[in-house]
Amino acid sequence: MMRQLRLVLVFAAVVVGCYYVGFLAASFFKHGCSLAAACGRLPQATHDLLAALGYVAVGVAGLAAGLLAHEAGHGVAGLMSGYRPVSFRLLSLVFTGDGRGRLRVRRYGIAGTFGQCLMEPPAGPADRLPVVAYNLGGIVANALLALAAAGVACAAGPGSVRIEAGVVAAVNAYLALVNGIPSRAAGVPNDGCNVRCLRHDAGARRLFVQQLRLNAALQRGVRPAQVPAGWAEWHGVPDAADAMQLMQFLFHVSRLLDQGRLHQALADLTAVWEQRSRMLPLLRREVACELTFCAAVLQRQDRVEQAYGPDVARYAGRYRRMMSGKQRLLWAVARYVEHDEARAQALLRELEDRRGSYLMAGEVASDLAIMHALSAGTYPADAPPVGE
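Residues numbered from 1 in each chain as written. Predicted model: local features only at pLDDT ≥ 70, side-chain atom pairs only at ≥ 80, totals over all residues. Heavy atoms only, no water.

## Topic: the overall build of the protein chain
Each helix and strand in the protein chain was counted, giving 16 helices and six strands. Across the 388 residues in the protein chain, those meeting the buried criterion constitute 45%. In the protein chain, 65% of the contacts between residues at least 6 apart in sequence involve partners at least 24 apart. Summing over all exposed atoms, the protein chain offers an accessible surface of approximately 19400 Å²; the carbon and sulfur share of this is 63%. (Helix = DSSP H or I, 4+ residues; strand = E, 2+ residues; numbered from the N terminus. Buried < 20%, exposed > 50% of the residue type's maximum accessible area, 1.4 Å probe, protein only. Contact = heavy atoms within 4.5 Å. Areas by Shrake-Rupley, 256 points an atom, 1.4 Å probe, with all protein chains shown as cover.)

Next comes the structure, spelled out in structure tokens:
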């Protein structure tokens, strides 16, 4: 975080410096001003710069308000549809309850997203649950905020208030459009894409509801092996181009690992890996992480070399403090591939020390149990499938 802040400050200093250099150069060469005259115009230049920065700050504030309103819109629509709140994420900060009426703040991020209001659907079959309103809530909230800001801009007289309100209106109109027009960012479908898919695909609706329930259970501390079997099971090879199918498959793999069915997990992952060219980049990295873990533990160096490269290593390193499965992967690479027992033990201790900071409590409980069992030689590994 400090490194990123330094980069932002250096970038800002360079921009301001270039502004003043450009101003002085224009004064000399375009307007033919003397040095004294150019310096005399610096206060006005500074005033113009501050005014421009003020509008930029209003735009940033409008964006923050828009993101907050978007996720709050999901929350309100979800509550009206009978959903129960689980967590509220803005950027990488996640606000969730601890089960005792107290608010907890954790860190969790998903590439291509700026926030998430995660809620648990009510009981009942997926084909009868309301899912469209929950997904449309954020778009509606941004549209309403854009209309309100546009109304203020129209009502205000000429001046900074009109401009600032116009900036807020434009930012929120942009958020409504970028979330409402079906598309994907870093492979993650937006709200409009979800609505279009869920309205016409009963299978996608079922997977959507199951994944909301699974995420809620994992955040409450339920391990993958403890969730109802029907929530996480997957039979056959999923369509690797379908994000919902592939995410459900990854839940299935987590359940296999938690059950000690390592050979079965490797076989299933290997079959899916054949379709890696059709996967969204984010999910391809997720599959590569789990494939590398299984192959490393089972001493399948050929499979490790197929899946684990610099891109996956960077991805795991970036998210290991948010997703315990990435720490588990790095531990397996250190222990079984690099044969660096000291680093492996350090990674295990770090995960133990930080287990309370992870959002998915059930996932970290599973990962720690797997790592301890493998270290002690008590992991109940299954037999290789026929032909493996």
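## Notes on the confidence of the model for the protein chain
Averaged over all residues, the pLDDT of the protein chain equals 82, while 80% of them reach at least 70. For the protein chain, per-element mean pLDDT is lowest for helix α1 (residues 2–29), which scores 63, and highest for helix α14 (residues 324–337), which scores 95. (pLDDT = per-residue confidence, 0-100.)

## Side note on the packing of helix α10 (residues 262–273) against helix α11 (residues 281–297)
It is at 9 Å that the axes of α10 and α11 come closest, and there the two elements cross at 140°. Relative to α11, α10 is oriented oblique. As for the relative orientation of α10 and α11, their crossing is left-handed in sense. Counting all contacts with α10, which are made through Leu262, Ala265, Leu266, Leu269, Thr270 and Trp273, the residues of α11 involved are Arg284, Val287, Ala288, Glu290, Leu291, Phe293, Cys294, Ala295 and Val297. (Axes fitted to C-alpha atoms, helices over the stretch in contact; angles between N-to-C directions. Parallel < 35°, antiparallel > 145°, perpendicular 65-115°, else oblique. Left-handed = near helix turned anticlockwise from the far one by under 90°.)

## With respect to empty space enclosed by the protein
Scanning all chains against the criterion turns up one cavity of 30 Å³ or more. Of the pockets and cavities examined, the largest cavity occupies roughly 30 Å³. Taken together, Leu214, Leu218, Pro224, Val227, Ala232, Phe251 and Arg255 form the lining of the largest cavity. The set of elements that each furnish at least two residues to the lining of the largest cavity consists of α7 (202–220) and α9 (243–259). A breakdown of the residues in the lining of the largest cavity according to their chemical character gives six nonpolar, no polar and one charged. (1 Å grid on protein atoms, 1.4 Å probe; cavity = no way out; pocket = protein on both sides within 12 Å on 5 of 7 lines; lining within 4 Å. Points joined across faces, edges and corners; volume = space filled by probe spheres on them. Nonpolar A, V, L, I, M, F, W, Y, C, P; charged D, E, K, R; others polar.)

## Structural notes on the pattern of salt bridges
Counted by the stated rule, this structure contains 12 salt bridges. Of the charged contacts, one joins Asp258 and Arg223 as a salt bridge, the two residues approaching to 2.5 Å between their closest N and O atoms. Of this pair, Asp258 sits in helix α9 while Arg223 sits in the loop between α7 and α8 (229–232); the two residues are 35 residues apart in sequence, bridging distant segments of the chain. Look at Asp258 and you get buried, because its relative accessible area is 10%. A single salt-bridge network, built from bridges that share partners, covers Arg84, Glu120 and Arg220. (Salt bridge = Lys/Arg side-chain N within 4 Å of Asp/Glu carboxyl O.)

## Description of the environment of Ala288
In this fold, Ala288 is placed in helix α11. Since its relative accessible area comes to 1%, Ala288 is described here as buried. Each C-alpha atom, one on Ala288 and one on Thr270, is 9.6 Å from the other, the two residues being 18 residues apart in sequence.

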